[in-house]
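Residue-level structural notes
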Amino acid sequence: QVQLVESGGGLVQAGGSLRLSCAASGSDFGISAMGWFRQPPGKQRELVAVTTSGGSINYADSVKGRFTISRDNTKNTVYLQMNSLKPEDTAVYYCNLGTYRGSWYWGQGTQVTVSS
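Parameters at a glance
- Residues numbered from 1 in each chain as written.
- Predicted model: local features only at pLDDT ≥ 70, side-chain atom pairs only at ≥ 80, totals over all residues.
- Heavy atoms only, no water.
- Pairing = 2+ DSSP bridges.
- Helix = DSSP H or I, 4+ residues; strand = E, 2+ residues; numbered from the N terminus.
- Axes fitted to C-alpha atoms, helices over the stretch in contact; angles between N-to-C directions.
- Phe/Tyr/Trp six-rings, centres within 6.5 Å; stacked < 30°, edge-to-face > 60°.
- Lys NZ or Arg CZ within 6 Å of the ring centre and 35° of its normal.
- Salt bridge = Lys/Arg side-chain N within 4 Å of Asp/Glu carboxyl O.

1. Points about the sheet that holds strand S3 (residues 18–25)
- Spatially, S1-S3-S8-S7 is the arrangement adopted by the 4 strands of the open sheet, whose pairing is antiparallel. The open sheet has two edge strands with one neighbour each: strand S1 (3–7) and strand S7 (67–72). Taking the axes of each pair of neighbouring strands and ignoring which way they run, one obtains an average angle of 15° across the sheet.
- Pairing of S1 with S3 involves 5 bridges; the strand directions are antiparallel. The residue bridging leucine 4 from the neighbouring strand is alanine 24, located in S3.

Now the structure itself:
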């Protein structure tokens, strides 16, 4: 069973920065992709950024140029550096991991609140 532990959320003023981390652990698995989703209050969960083991990276248009996803394969950890934060970035952020077996796993979520 894969476990994902997130950290780094919090309260920040508009224009500030936060860095989220997500560490994966558990049984032996091959990671195909790791990424971040978010769910704003009253809205559906949406993709923020994803990185695949093949090296491709994709961002939501709303975060391009402000957020950077990176991955440390030696630690099975994915990071999300969030700069120039806006109030509309306020959401619960979820780490997501996919394996080559076709399974998908979610973290417990971490709250990010951006005040205006």
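Here the narrative resumes.
2. Looking at the pairing of S7
- Bridging between S7 and strand S8 (residues 77–82) involves 6 bridges; their strand directions are antiparallel. Its bridge partner lying in S8, isoleucine 69 is registered against leucine 80.

3. Concerning the packing of aromatic side chains
- Inspection of every chain in the model, using the stated rule, returns 2 aromatic pairs.
- Over the face of the ring belonging to tyrosine 94 we find arginine 45, whose NZ or CZ atom lies 3.7 Å from the ring centre.
- Note that arginine 45 overlies the ring of tryptophan 106, its terminal NZ or CZ placed 4.6 Å from the centroid.

4. Here we look at the pattern of salt bridges
- In this structure the tally under the stated criterion is 4 salt bridges.
- A salt bridge links aspartate 61 to lysine 64, with the nearest nitrogen and oxygen atoms 3.1 Å apart.
- One continuous salt-bridge network, built from bridges that share partners, spans Arg38, Glu46, Arg66 and Asp89.

In short, geometric facts, not functional conclusions.
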